[in-house]
Amino acid sequence: MESGTWRLILSLIPLLLSLLFIVYSNYSSSKPTTSGCSLLPHDHYWIASKRIVTRHEILSGAVEINGGSIISLVKEKDWQGKIKNEPVIDYGEAVVMPGLIDVHAHLDDPGRTEWEGFPSGTKAAAAGGITTLIDMPLNSFPSTVSEETLKLKKEAAKGRIFVNVGFWGGLVPENAFNASMLEGLLNAGALGLKSFMCPSGINDFPMTDATHIKEGLSVLAKYKRPLLVHAEKQQEMELKDGVDDPRSYSTYLKTRPASWEETAIRELLTVAKDTRIGGPAEGAHVHIVHLSDSQSSLELIKEAKNNGDSVTVETCPHYLAFSAEEIPDGDTRFKCSPPIRDASNKEKLWEALMDGDIDLLSSDHSPSVPELKLFEEGDFLRAWGGISSLQFVLPITWSYGIKYGVTLEKLVSWWSEKPAKLAGQDLKGEIAIGKHADIVVWEPEKEFDLDENHAVHVKHPSISAV
Ligand SMILES: *[C@@H]1O[C@H](CO)[C@@H](O)[C@H](O)[C@H]1NC(C)=O
Ligand SMILES: [Zn+2]
């Protein structure tokens, strides 16, 4: 799995995004304001194509954009007289789609900018068709768990981002029982909260249990915001010296079995009940991040949804593209948690995604410095866990999804519509009148080799698992 050997279908036309809404500056209300910084030298113009993906159809026609918003859509046969003297950018057969919204990325800024940082991370996002990215509250330093620490994030982002950026806050034991601290964080613009049910790997982001989560949900209910949960619960586990080789991927897989996810999700869902209509946390929402186990965990989530709990779940491209059988010994680029499981698990993830049992996708881009990946030792047990793939989530989803019948409409649902809803961005995620003109243009039939000629914008391309 050398990076160069992956042949990805698609070439992104590096146009995109008529206008970037710099959201971080004004999230105290959930309505971001505009601060125009268009990549195109026009204010009022049209984008034309044979394949514009709207909610209802794939339109051959044009999108009219003015002041960063979509103001009309016309079919090709009707555009006589509608398009006057405004400039028209005609993309021919290329697909015009809402920009991707990545609700789960770690840009590690401030405090660990040697791992990534806002400039490189958001440049990679833009190059990959992501027009909005919601940054996680950990792996930066300090973690975003208070109004003050959120302020540090906003300051770090100011003038250093290339796409829209919003922030999740952290739910940790320190603030879980202090409603005024959580409200301070939400009032200051955090779009929701994130917590871990197992050690996060970051000392200043301790784990929470169901009691903390219950408290968090009661505050989030008032704000109608989500709690994003890393659902794995640690269990006793013994490795045998001399038998379980730390360089072997199967050893790592053994240390984080699917039962970790299942146990955590079972516990989480006992409190997620509070989100039902009439329940004590009605209005709050539980979102399970990066599901890897497509068996029992998924059954539990389906059941909770059927019972009326406000619950959604995401998975990530690396769980859909790779399988444990293929991961070479010592190749710690593929270490993440929960781990990438076997091929049959992957098949079931695709099935669940196609059937709508998995709601959406995110990158969980989680880089570090290359040294922490311990490439020389290849020690899966000690290496940093986190996959770096931000710039390539669209081509990965598309290329690997063809076999399973992926469509452009599905891509929009998984990567734009549902993520917009989760993050409370009701003006984003769709090509429709009144929505922000956050747009990606790309060519699904074109292939490229991800080799040294391909510009990769993340800070450490060498750790990328694509
Ligand atoms: C709760 O947090 C506030 C800061 O928002 C702090 O002033 C207060 O002392 C905290 N209360 C408790 C009981 O820890
Ligand atoms: Zn993450």
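Everything in this summary refers to the structure shown in the same document. (Residues numbered from 1 in each chain as written. Chains lettered and ligands numbered in written order. Predicted model: local features only at pLDDT ≥ 70, side-chain atom pairs only at ≥ 80, totals over all residues. Heavy atoms only, no water.)

### Remarks on the pattern of salt bridges
Piece 1. Tallied over the entire structure, the rule returns 24 salt bridges.
Piece 2. The closest approach of N and O atoms between D357 and K302, which form a salt bridge, is 3.6 Å. One end of the pair, D357, is in the loop between helix 10 (343–355) and strand 15 (360–361); the other, K302, is in helix 8 (residues 296–306), and 55 residues separate them in sequence.
Piece 3. Of the residues examined, K302 reaches a relative accessible area of 29% and is grouped as partly exposed.
Piece 4. Overlapping salt bridges, with partners in common, bring together R55, E430 and K435 in one network. (Salt bridge = Lys/Arg side-chain N within 4 Å of Asp/Glu carboxyl O. Helix = DSSP H or I, 4+ residues; strand = E, 2+ residues; numbered from the N terminus. Buried < 20%, exposed > 50% of the residue type's maximum accessible area, 1.4 Å probe, protein only.)

### Quick notes on the side chain of H365
Piece 1. Residue position: H365 is located in the loop between strand 15 and helix 11 (393–401).
Piece 2. The exposure class of H365 is buried, given its relative accessible area of 0%.
Piece 3. In terms of polar contacts, H365 uses its side chain to reach the side chain of E116, at 2.8 Å.
Piece 4. Here the side chain of H365 touches L390 through a polar contact of 3.4 Å, landing on its backbone nitrogen.
Piece 5. With residues up to four places along the chain from it excluded, the contact list for H365 reads H104, A105, H106, L107, E116, I387, S388, S389, L390 and V458. (Polar contact = N/O pair within 3.5 Å; in protein donor to acceptor, adjacent residues only side chain to side chain. Contact = heavy atoms within 4.5 Å.)

### Some details on helix 2 (residues 147–157)
Piece 1. All buried positions along helix 2 are accounted for by T149, L150, K153, A156 and A157. Buried residues along helix 2 cover an arc of 120° about the axis, so they all sit on one side. Exposed and facing more than 90 degrees away from the buried side of helix 2 are E148 and K151.
Piece 2. Here the buried face of helix 2 lies against helix 1 (118–127), strand 8 (130–135), strand 9 (164–167) and helix 4 (179–187).
Piece 3. G159 occupies a position one or two residues after helix 2 and carries a positive phi of about 70°. (Arc of directions from axis to C-beta.)

### Comments concerning the packing of aromatic side chains
To describe a pair of aromatic rings, you give the distance between the ring centres and the angle between the ring planes.
Piece 1. Counting across every chain of the model gives 11 aromatic pairs.
Piece 2. Following the ring pairs from residue to residue traces out a cluster consisting of Y249, Y252 and F380.
Piece 3. Geometry around W115 places R112 over its ring, the cationic atom sitting 5.2 Å from the centre. (Phe/Tyr/Trp six-rings, centres within 6.5 Å; stacked < 30°, edge-to-face > 60°. Lys NZ or Arg CZ within 6 Å of the ring centre and 35° of its normal.)

### Considering the sheet that holds strand 7 (residues 100–105)
In a beta sheet, neighbouring strands are held together by backbone hydrogen bonds and run either parallel or antiparallel to one another.
Piece 1. Spatial ordering of the open sheet is given by 7-8-9, a layout of three strands whose pairing is parallel. Whereas interior strands pair on both sides, the edge strands pair on one side only; in this sheet they are strand 7 and strand 9. The mean inter-strand angle of the sheet, taken between neighbouring strand axes irrespective of direction, is 20°.
Piece 2. Across four bridges, the pairing between strand 7 and strand 8 is parallel. In the sheet register, I101 faces strand 8, and the bridge partner there is T132. (Pairing = 2+ DSSP bridges. Axes fitted to C-alpha atoms, helices over the stretch in contact; angles between N-to-C directions.)

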